[in-house]
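As a plain string of letters, each chain reads:
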Amino acid sequence: MEFDLVVSRGTILDGSGQPGYLADLGILGGKIAAIAGPGALAGRRTLDASSLAVAPGFIDIHSHIDWLLALPDHEDVLAPMVAQGITTVVAGNCGFSPAPVTEASIPLVEHSAEILKDGDLAYRWRSMGEFLDALEGGGLLVNAALLVGHGTLRQAIMGNSPAAPSPGQLAYLCSLARASLREGAFGLSAGLAYTPGVFAHKHELLTLLRTVADEGGVFTVHGRAYTWVSPVYKPLLLGPPHNLRSVRELLGLAEESRARLQLSHQIFIGRRTWPTVPWVLRAIERAVDRGVDAAFDAFPYTVGNTTVNALFPAWVLDDFRARINDPAVLRRLRREFAMFRLLLGLSYADIRLLWGAAPELAELEGLDFEAIAGRLGRSAFDAYVHVARASDGKARVLLNTYSGVDAQDEPLRAVLSHPLCAFETDAILTRRGRHNPASFGTFPRVLGHYSRDLSLFRIEEAVRRMTSLPAERIGLLDVGRIVPGRWADLVIFDPITVADNTTPRRADAPPSGIRAVLITGELVVQDGVLTSKTRQGRLLRR
């Protein structure tokens, strides 16, 4: 048999975690048609992978690029993702998805997603099924699996109301979630630190999770707290750390509902939060031992992107525009910020403005808030409030002290080393403002720095947690393994030179060592360069 393409003489890391082996891959019709000994297969084209590793295409289990996929030029924005080996993305995370929507909810959804967007969407859809059809009809650079956002559902039914849903509204929430899953979404996501997810409590979440479990979907969730103390739980300084309470709350919901739980970006923010790492990981392990279907994901950096409003408590987010201008509110908020910064070991120098979302803030992008305060001639607190107010809460920031600082990353190493941890970018990638390094170097950093250089895990295990593990957690079929009959989504890389090259001064530096990336059997990246804008990606439906 003559194949369309033979990837010859590579070391196959098949995604199972088992030791690699030398082989040829024969690709026909976009799929892996044969695996044979080195030199055994012939094809119309040959890609020599001698001395290189051949892995399944990497799966980004936590991304926000659903806001880009509907754009006519999304390949121009997403090229860095594919260049680092990502062939499949799981989008719609943290409670935000572009569907389902109503005429009334579109402005609310747009406001919530402002930091995620790179251009205006036409919203030629209303349901999740119509959105998926629109993506499929337009073509995709990468394979995409979508989650439906709890916040988006809530906005479609009850706007940004902080109230608990009425029985009728809750039934409608469940009905809309069920419809979205049946139309192709893989699960439900929630963002319990963002409006309107921050207003949801146990009965609402448990009822929705039972619907998700009944449909066989996954529940991915940005928790209420990632710090040892927060405005969320009372009493403030008594009882278990707040991030541990948050994880226990979510594990309890999963146990009671029997839903599959994916804890999003398991991070530990602030120097004084780092000692809680073993407690949180132990809580997850114990729940899994009891039969809870739970795992988590993390990115390999001590910085992460979020919205400027993520640091505000729920009582400020409720009617934000009025409260951020209320002197009494600001006096209370100033006291709370001072207290929490002291308790957490987090300074304004640890927060950097990536995108200001307002013309007058553009010159401040790239600066931390101590530098911004000096530039504006204000206190750091006043500078932070000014950016939040001027951007209408839409500004994007990069926080430091996520499970470590720079090379002092022992907490992060503990998280990444855990066998229940899948790797993700949490990427907010746009052409506006400055970048998060995760958009450019996540998977090369895991392979190079954490696997090869620090020996935290074998390279085969690193690949497993980039491929088959996220596929299993989300429920993706035909991706994540090198097996005959699966789609030929492949990454060919040099284990000796693969590396993330991003720095604080250049967060958009391309990686090294990613030699080729194939999607559906077609070469889309060679030596870091997008070779074609032909869209080879597939819309994945549950």
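Structure first, text after, so check above.
Calculation criteria
- Residues numbered from 1 in each chain as written.
- Predicted model: local features only at pLDDT ≥ 70, side-chain atom pairs only at ≥ 80, totals over all residues.
- Heavy atoms only, no water.
- Pairing = 2+ DSSP bridges.
- Helix = DSSP H or I, 4+ residues; strand = E, 2+ residues; numbered from the N terminus.
- Buried < 20%, exposed > 50% of the residue type's maximum accessible area, 1.4 Å probe, protein only.
- Right-handed = clockwise from strand over helix to strand, strands pointing away.
- Phe/Tyr/Trp six-rings, centres within 6.5 Å; stacked < 30°, edge-to-face > 60°.

A closer look at the sheet that holds strand 24 (residues 539-540)
Sheet strands pair by backbone hydrogen bonding; their relative direction is either parallel or antiparallel.
Here is step 1 of the chain: The strand order across the open sheet formed by four strands is 8-9-10-24, and the pairing between neighbours is parallel. Looking at strand neighbours, the two that pair on one side only are strand 8 (58-60) and strand 24, the edges of this open sheet.
Here is step 2 of the chain: As judged from the four bridges shared by strand 9 (residues 86-91) and strand 10 (residues 143-146), these two strands associate in the parallel manner. What sits directly across from Ala91, in strand 10, is Leu146.

Side note on the pairing of strand 14 (residues 260-263)
Here is step 1 of the chain: Neither face of strand 14 is exposed, since Arg260 and Gln262 on one face and Leu261 and Leu263 on the opposite face are all buried.
Here is step 2 of the chain: The pairing of strand 13 (residues 218-222) with strand 14 spans four bridges and is parallel. Paired with Val218 across the two strands is Arg260, which belongs to strand 14.
Here is step 3 of the chain: Of the crossover connections in this fold, the one passing from strand 13 over helix 8 (residues 242-257) to the parallel strand 14 is right-handed.
Here is step 4 of the chain: Bridge analysis of strand 14 against strand 15 (residues 294-298) gives three bridges, and the strand direction is parallel. Note on strand 15: the bridge partner recorded for Gln262 is Ala295.

Description of the packing of aromatic side chains
Here is step 1 of the chain: For the coordinates displayed, the defined rule picks out 12 aromatic pairs.
Here is step 2 of the chain: When the centroid spacing of 5.6 Å and the interplanar angle of 80° are considered together, the rings of Phe337 and Phe381 count as edge-to-face. Here Phe337, found in helix 12 (residues 327-344), pairs with Phe381, found in helix 14 (residues 380-390); they are 44 residues apart in sequence, far enough to count as distant. Side by side, Phe337 and Phe381 carry an identical accessibility label, which is buried.

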